[in-house]
Amino acid sequence: MPGKRGSQSLITACRELLFPSCCLGCGRHLADTRLPRFCDTCHGSLETIRPPRCDICGLPFTSGADHTCGQCLTTPPAFSRARAALVYSPPITDLIAELKFRNSLTGLSSLACLVTGSTGFAELTEPDLILPVPLHPDRLRQRGFNQSLLIARACFPRHKDRIGTAILVRNRPTPAQTRLNRKERQQNISGAFFTKQPHKVTNRKILLIDDVLTTGSTAHECARTLRSAGAQQVEVLTIARATRSPGAGADKSPPTY
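Quantities reported herein were computed from a predicted structural model and do not represent experimental measurements.

### What about the overall build of the protein chain?
Summing up its helical and strand segments, the protein chain has 10 helices and six strands in all. Working note: accessible area of the protein chain is about 13,200 Å², and carbon and sulfur atoms make up 52% of it.

### Some points on the confidence of the model for the protein chain
Counting all residues, the mean pLDDT for the protein chain is 86, and 81% of those residues have values of 70 or more. Note on residues 247-257: pLDDT under 50 across the span, and 34 contacts to partners over four residues away in sequence or across chains.

### A short note on the nonpolar core
Judged by nonpolar contacts, the single largest core of 35 residues is most densely connected at F38, I92, I209 and I239. At the level of elements, β1 (81-87), α4 (92-102), α5 (108-116), α8 (147-155), β5 (205-213) and β6 (233-241) are the ones that each hand at least two residues to this core. If sequence neighbours within four positions are ignored, I239 has contacts with A84, A85, L86, I92, I96, L111, V115, I151, D210 and D211. Ranked by size, the runner-up nonpolar core spans 29 residues in total, among them I56, L168, I189 and A219.

### Considerations on α8
Buried residues dominate α8, accounting for seven of its nine residues. Buried residues of α8: Q147, S148, L149, L150, I151, A152 and C155, and no others. Residues of α8 that are buried in the fold lie against α4, α5, β2 (129-132), α7 (137-143), β5 and β6. Between a side-chain oxygen at the N-terminus of α8 and the backbone nitrogen of S148 the separation is 3.0 Å; the capping residue is N146.

### Observations regarding the side chain of R143
Within the secondary structure, R143 sits in helix α7. Despite its burial, R143 pairs with no opposite charge, the nearest such side chain being D211 at 6.2 Å. Within the structure, the side chain of R143 is placed 2.7 Å from the side chain of Q147, a separation counted as a polar contact.

### Focus: the pairing of β1
Every regular strand shows the same layout, with side chains that alternate between the two sheet faces. Summarising burial for β1: six of the seven residues are buried, a large majority. Sheet topology note: the β1/β6 ladder contains six bridges and is parallel. Within the sheet, the bridge partner assigned to R83 lies in β6 and is L237.

### Section: unusual backbone geometry
Between L35 and P36 the backbone carries a cis peptide bond, its omega angle lying at -5 degrees. Residue placement: P36 occurs in the loop between α1 (4-18) and α2 (40-45). Residues P51 and P52 are joined by a peptide bond in cis, for which omega reads 5 degrees. Tracing the chain through its elements places P52 in the loop between α2 and α3 (70-74). Positive phi, normally seen in glycine, also occurs at N103, with a value near 55 degrees. Examined against the element boundaries, N103 turns out to sit in the loop between α4 and α5. In this model, N203 sits at a positive phi of 60 degrees, which is unusual for a non-glycine residue. With respect to the element layout, N203 can be found in the loop between β4 (193-195) and β5.

### Here's the deal with the layout of surface pockets
The calculated volume of the second largest pocket comes to roughly 250 Å³. Residue lining of the second largest pocket: 16 residues in total, with P134, L135, L140, N146 and T165 positioned closest to the centre. For the lining of the second largest pocket, the secondary structure elements donating two or more residues are β2, α7 and β3 (168-170). With three residues, β3 is the single largest residue contributor to the lining of the second largest pocket.

Scoring rules and cut-offs
- Residues numbered from 1 in each chain as written.
- Predicted model: local features only at pLDDT ≥ 70, side-chain atom pairs only at ≥ 80, totals over all residues.
- Heavy atoms only, no water.
- Helix = DSSP H or I, 4+ residues; strand = E, 2+ residues; numbered from the N terminus.
- Areas by Shrake-Rupley, 256 points an atom, 1.4 Å probe, with all protein chains shown as cover.
- pLDDT = per-residue confidence, 0-100.
- Contact = heavy atoms within 4.5 Å.
- Core = buried A, V, L, I, M, F, W, Y, C linked by side-chain atoms within 4.5 Å.
- Buried < 20%, exposed > 50% of the residue type's maximum accessible area, 1.4 Å probe, protein only.
- Polar contact = N/O pair within 3.5 Å; in protein donor to acceptor, adjacent residues only side chain to side chain.
- Lys, Arg positive; Asp, Glu negative; His and termini not counted.
- Salt bridge = Lys/Arg side-chain N within 4 Å of Asp/Glu carboxyl O.
- Pairing = 2+ DSSP bridges.
- 1 Å grid on protein atoms, 1.4 Å probe; cavity = no way out; pocket = protein on both sides within 12 Å on 5 of 7 lines; lining within 4 Å.
- Points joined across faces, edges and corners; volume = space filled by probe spheres on them.

Here is the structure:
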């Protein structure tokens, strides 16, 4: 009879035969199942975010040292720090769309691996609470899940007890923000959230989780709501970040609700 190691190898071989591992970028067959599931070419094409960047919103700079960007200087956000692992560009755009709109979990573990291995992730404060940006109940019923909650659970499998799902609530539906500029996004999302259990956020360090940071309007409004309820600090973590404002012509921002 095969030993334990031989049995595991046989199981792995059978799994690979029945469910071959493929690159999430180009579909090429991969020799192993290690995360993230990208071939060398596609992995090398991913636009990771690393210093230099804005020390508040995480906007990457082309040169120099970390400093505060002009937008954060003129209009400081309610969150103290936002970090993302990747620039919002292909193939990450496609993977997020598959997760968000087609309920495909195929790339979730690889995305979580990229996030937790990023330099931005290492800079975040140890949170007392991890809060996914909530969907309005109507949108949640329509979609069937909250992608931000799935991301939170994938990135923090050992801290599921810190993930809150009924603390920050969206109290009104908001139109998709895709075609809105920064000012319109801020107006669209203003007053859309409230803290249902304020005693749970008082003097707590909170980490907000979302899929993409575009202008930061949603993150700002969530953080403002939490800070008004007594939160000590709010930081933001997303998979990706758009590097140009909507309307600039180069940013294909995802629909945001």
